[in-house]
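Descriptive structure summary
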Amino acid sequence: MDSVKEGDTVSVEYTGRLEDGTVFDSSDQHGEPLQFTVGEGKIIKGFDHAVIGMKIGEEKEVSIPPEEAYGHHNPDLVRHLPRHVFPEDQEIKPEMVFMMALPDGRQVPVRIAEVAEEQVKVDLNSPLAGKTLLFTIKLVNIAS
């Protein structure tokens, strides 16, 4: 039976949990297995490495440290923006997430950290930055 190697396109079922057991993502939520090419860099490094050597039908539990996931929380990614850059007709509260356009046209999620009358403190870090992620991964298919 073949095992996964770099360059293979794989399909996996997965559940991602935080250390407190909270599920933050799963293939069930998306209604289908996750498909990606191993080593292509489209998913977090620790998940990418975790599937190497797996065989179809195999299931495993992995713990991925921040360095191999979304990195550590970077204080340089916490910014103060003028209130007027947000929609006037929308109430803004801490913990809300907005999509903001970058100069190159890409959209990124921005978490509201604090709201003042004139300024809004935003955090551009991933909500998963600084966290160890626990995954249950089941290999469904390998397409070389």
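Further up the page is the structure itself.
What comes next is a walk through the structure. Quantities reported herein were computed from a predicted structural model and do not represent experimental measurements. (Residues numbered from 1 in each chain as written. Predicted model: local features only at pLDDT ≥ 70, side-chain atom pairs only at ≥ 80, totals over all residues. Heavy atoms only, no water.)

Each helix and strand in the chain was counted, giving 2 helices and 9 strands. Secondary structure elements of the chain, listed N to C terminal, follow the sequence β-β-α-β-α-β-β-β-β-β-β. Computed over C-alpha atoms, the radius of gyration of the chain comes to 18 Å, more than 25% over the 15 Å expected from 2.2 N^0.38 for 144 residues, which places it beyond the range of a compact globule. Put simply, the chain has 144 residues, and 28% of those count as buried. The chain carries 14 positive and 26 negative side-chain charges, and their two centres are separated by 2 Å. (Helix = DSSP H or I, 4+ residues; strand = E, 2+ residues; numbered from the N terminus. Rg over C-alpha atoms; globule rule 2.2 N^0.38 Å. Buried < 20%, exposed > 50% of the residue type's maximum accessible area, 1.4 Å probe, protein only. Lys, Arg positive; Asp, Glu negative; His and termini not counted. Charge placed at Lys NZ, Arg CZ, Asp CG, Glu CD.)

Our next topic: the sheet that holds strand β6 (residues 97–101). The strands making up a sheet associate through hydrogen bonds between their backbones, and the pairing can be parallel or antiparallel. Strand order across the open sheet formed by 4 strands is β5-β8-β7-β6, with antiparallel pairing between neighbours. For this open sheet the edge positions go to β5 (78–82) and β6, each flanked by a neighbour on one side alone. Strand after strand, the sheet turns through a mean of 45 degrees between neighbouring axes, direction not considered. (Pairing = 2+ DSSP bridges. Axes fitted to C-alpha atoms, helices over the stretch in contact; angles between N-to-C directions.)

With that settled, consider the environment of threonine 9. Following the sequence through the fold, threonine 9 ends up in strand β1 (residues 9–17). Judged by its relative accessible area of 22%, threonine 9 falls in the partly exposed class. Spatially, the C-alpha atoms of threonine 9 and glycine 39 are 9.5 Å apart, while their sequence positions differ by 30 residues. Excluding its chain neighbours within four sequence positions, the residues that come into contact with threonine 9 are Gln35, Phe36, Thr37, Asn141, Ile142 and Ala143. A polar contact is formed between the side chain of threonine 9 and the side chain of threonine 37, at a distance of 3.0 Å. (Contact = heavy atoms within 4.5 Å. Polar contact = N/O pair within 3.5 Å; in protein donor to acceptor, adjacent residues only side chain to side chain.)

Scanning all chains against the criterion turns up 6 salt bridges. One salt bridge in this structure joins arginine 111 and glutamate 95, with 3.0 Å as the shortest N-O distance. Of this pair, arginine 111 sits in strand β7 (residues 107–115) while glutamate 95 sits in the loop between β5 and β6, and the two are 16 residues apart along the sequence. Judged by relative accessible area, arginine 111 falls into the partly exposed class, the value being 22%. Its relative accessible area of 56% is what places glutamate 95 among the exposed residues. For arginine 106, the salt bridge is made with aspartate 104, and the minimal N-O distance between the two is 2.9 Å. Taken together, the salt bridges that share partners define one network made up of Glu95, Arg111 and Asp123. (Salt bridge = Lys/Arg side-chain N within 4 Å of Asp/Glu carboxyl O.)

So, on to the environment of asparagine 125. Along the polypeptide, asparagine 125 turns up in the loop between β8 (119–123) and β9 (133–143). Residue classification places asparagine 125 among the buried residues on the basis of a relative accessible area of 8%. Sequence separation between asparagine 125 and histidine 73 is 52 residues; the distance between their C-alpha atoms is 6.3 Å. Polar side-chain contacts of asparagine 125 include one of 3.2 Å to the side chain of histidine 73. Reaching out from asparagine 125, the side chain makes a polar contact with the backbone nitrogen of asparagine 74 at a distance of 2.9 Å.

Time to look at the side chain of aspartate 123. Positionally, aspartate 123 belongs in strand β8. For aspartate 123, the side chain forms a polar contact with the side chain of asparagine 125, separated by 2.8 Å. Not counting residues within four places of it along the chain, the set of residues in contact with aspartate 123 comprises His73, Leu77, Val78, Val110 and Arg111.

No statement about biological role is implied by the geometric values presented.
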